[in-house]
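As a plain string of letters, each chain reads:
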Amino acid sequence: MFSFTNIFTQVGSRIKPQRKPVSRNFRIPLIGEKAPSFTTETTAGTINFPFDFGTSWKIILSHPMDFTPVCSTELIELANLQDEFENLGVRIITVSTDPLETHKQWKKTT
């Protein structure tokens, strides 16, 4: 069963997500710019972007955290529309600042 205590920690009077600082030596691409190639572990296994997506149009949705009200509703709606997007030749990938384990916990709740 999911527990928010697994992903959040009390810091003084505030609750903060448990995240490790990450060193970033890249610039995030802007809309219309070519996205960088990458390989990563996902809730669906290892992907190699953009090669695993073939010649399909690709949409990359970026959101800050899995368990926020707006992000959750956006992700659920995209999941519900995924077949329609694929019928149009569009593949979707969602990226977040949360670790993979948090994504797996979120996926269990849907």
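Here, every reference points to the structure presented above.
In this report, the structure presented in the accompanying data block is examined. Note that residues are indexed from 1 along each chain, following the sequence as it is written. With pLDDT at 70 or above as the cut-off, local features in this predicted model cover only qualifying residues; side-chain atom pairs require 80 or more to be listed or tallied, and sums for whole chains, interfaces and linings still use all residues. The basis for the side-chain values is all heavy atoms of the structure; hydrogens and waters are excluded.

So, the overall build of the chain
Part 1 of the reasoning: Counting from the N terminus, the helices are the DSSP runs of H or I reaching at least four residues and the strands are the DSSP runs of E reaching at least two. Secondary structure assignment for the chain yields 2 helices and 6 strands.
Part 2 of the reasoning: In the chain, the order of α-helices and β-strands from amino to carboxyl end is β-β-β-β-β-α-β-α.
Part 3 of the reasoning: Here the term buried applies to any residue with accessible area under 20% of the maximum for its type, exposed to any over 50%, and partly exposed to those in between, with areas from a 1.4 Å probe on protein chains only. Going through the 110 residues of the chain one by one, you find that 17% of them count as buried.
Part 4 of the reasoning: It only takes one pair of heavy atoms within 4.5 Å for two residues to be counted as in contact. Long-range contacts, defined here as pairs at least 24 residues apart, represent 59% of the contacts in the chain between residues at least 6 apart.

Considering unusual backbone geometry
Part 1 of the reasoning: Of the consecutive residues F49 and P50, the connecting peptide bond is found in the cis state with omega at 5 degrees.
Part 2 of the reasoning: You can see P50 is positioned in the loop between β4 (45–49) and β5 (57–63).

Topic: the pairing of strand β3 (residues 38–42)
Part 1 of the reasoning: In terms of strand pairing, β3 meets β4 through 5 bridges, oriented antiparallel. Residue pairing in the sheet places E41 in a bridge with T46 of β4.
Part 2 of the reasoning: Between the antiparallel neighbours β3 and β4 lie 2 residues. What makes two strands pair is DSSP finding at least two bridges between them.

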